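# Architecture at a glance
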Amino acid sequence: MNSLPIGIFDSGVGGLTVLRAVRKRLPDESVIYLGDTARVPYGTKSRATIERYAVEDAAFLVDKGVKMIVVACNTASAMSRERLRQEFNVPLLSVLGPGARMAARVTRADRIGVIATEATIESGAYERAIGESCGERRVEIFSRACPLFVPIVEEGETDSEITRLIAEQYLAPLREQKIDTLLLGCTHYPLLKRVIGETIGAKVILVDSAEATAGETAALLEREGLINQTGEEASYQFYVTDAAKRFHRIAERILGEPLEHLEAVEVWGHDRLERD
Ligand code: DGL
């Protein structure tokens, strides 16, 4: 069981920021990554659709025999984490909880900004999760959807004039609210850390939900006695539902190395297959 891979899924390439952080934190763990590139973006879709996609993605990973699932998509986490917990009998961690807990821990002024996709912001899931982590403490949360950040990252425009203009437009209202902590509540945003940090101001603490998730993945594996101690070299397998070439190009840029194994697959119907 311990030598089985960790399953990570996202709507596309964004979850690779989580894989990158997990690989750094847990270099002996193998990973199977699924990017649902045929149906990306999730961030503009309805709860019912996102939930259905997330169940199919998770079922695909379970069929592959993973020992735990990391939901590396903030939108899927916000919309479907309760449903996934009900449906699947493997340890499951979603990016939402670790990011929220870390933001609650690091804020000093109790003024937290959250940036994410439209669907995540509309769900209010981060507000609730941060509120739960703060208990009796009263925190002010200022949320903002930043939909253009996703295509900008995918086009590799992580530090250009246009990115700075858009960042200014999105982040100026949060700066005016005098937030002291900014939660990057979308998988793509850690790749814009420099521009986001310079735009919001050096004093604001940036919470990278990918890094927070890697830390909690390690803690969960330890708690469950699932750390790989076989000494075998870790392997990384990548699956996508479409456009493997584009994924390959962007993934190499994010991970900084060629992919060992990349395969295009279909995931729809996997939830039903599992039950038949
Ligand atoms: N992975 C998504 C998230 O973290 C961003 C891309 C999308 O909208 O699917 O919210």
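Residues numbered from 1 in each chain as written. Predicted model: local features only at pLDDT ≥ 70, side-chain atom pairs only at ≥ 80, totals over all residues. Heavy atoms only, no water.

### Comments concerning the sheet that holds strand β9 (residues 236–240)
Ordered in space as β4-β3-β1-β2-β9-β10, the 6 strands form an open sheet in which the pairing is parallel. The two strands at the open ends of the sheet, each matched to only one other strand, are β4 (92–94) and β10 (261–264). Neighbour-to-neighbour, the strand axes of the sheet open up by a mean angle of 20°, direction not taken into account. Packed on one face of the sheet, helix α3 (residues 74–87) meets β1 (6–10), β3 (68–71) and β4 and runs near 165° to β4. (Pairing = 2+ DSSP bridges. Helix = DSSP H or I, 4+ residues; strand = E, 2+ residues; numbered from the N terminus. Axes fitted to C-alpha atoms, helices over the stretch in contact; angles between N-to-C directions. Contact = heavy atoms within 4.5 Å.)

### Re the site of the ligand
Close contacts around the ligand come from 13 residues, with Asp10, Ser11, Tyr42, Gly43 and Thr75 the closest. Take Gly43: an N or O atom from its main chain is 2.8 Å from an oxygen atom of the ligand. Separating a nitrogen atom of the ligand from a side-chain N or O atom of Thr187 is a distance of 2.9 Å. Surface burial for the ligand is 99%, taken as the share of its 300 Å² of free accessible area covered by protein chains. For the shell around the ligand, a count of residues per class yields 5 nonpolar, 7 polar and 1 charged. (Near = heavy atom within 4 Å. Polar contact = N/O pair within 3.5 Å; in protein donor to acceptor, adjacent residues only side chain to side chain. Areas by Shrake-Rupley, 256 points an atom, 1.4 Å probe, with all protein chains shown as cover. Nonpolar A, V, L, I, M, F, W, Y, C, P; charged D, E, K, R; others polar.)

### Points about the sheet that holds strand β8 (residues 205–208)
In any sheet, the strands associate via hydrogen bonds between backbone groups, in a parallel or an antiparallel arrangement. The 4 strands lie next to each other as β6-β5-β7-β8, forming an open sheet whose pairing is parallel. With one partner strand each, in any of the chains shown, β6 (140–145) and β8 form the two edges of the open sheet. Along the sheet, successive strands turn relative to each other by an average axial angle of 20°, direction set aside. Relative to strand β7 (residues 181–184), strand β5 (residues 111–116) runs parallel, the two being bridged by 4 bridges. Within β7, the position partnered with Val114 by the bridge is Leu183. Relative to the sheet, helix α9 (residues 193–200) contacts β5, β7 and β8, its axis offset from that of β8 by approximately 150°.

### Overview of the nonpolar core
Ranked by size, the top nonpolar core spans 33 residues in total, and within it Ile6, Ile8, Leu16, Phe238 and Phe247 carry the most contacts. Elements with a contribution of two residues or more to this core: β1, α1 (16–25), β2 (31–35), β3, α10 (209–223), β9 and α11 (244–255). Ignoring any residue separated from it by four or fewer positions in sequence, one finds Leu16 in contact with Tyr33, Phe238, Phe247, Ala251, Ile254 and Leu255. Listed in part, the 25 residues of the second largest apolar core include Tyr42, Ala58, Ile69 and Cys73. (Core = buried A, V, L, I, M, F, W, Y, C linked by side-chain atoms within 4.5 Å. Buried < 20%, exposed > 50% of the residue type's maximum accessible area, 1.4 Å probe, protein only.)

### Quick notes on the pairing of β1
Of all 5 residues in β1, 5 are buried, a share of seventy percent or more. Residues Ile6, Ile8 and Asp10 of β1 are buried on one face, and the alternating residues Gly7 and Phe9, pointing to the opposite face, are buried as well. As defined by bridge partners, β1 adjoins β2 across 5 bridges and the pair is classed as parallel. Considered in β2, the bridge of Gly7 is made with Ile32. Since β1 and β2 lie parallel, the crossover through α1 that links them has a hand, and here it is right-handed. For β1 and β3, the ladder comprises 4 bridges, and the chain directions are parallel. Across the sheet, the residue bridging to Ile8 is Val70, located in β3. (Right-handed = clockwise from strand over helix to strand, strands pointing away.)

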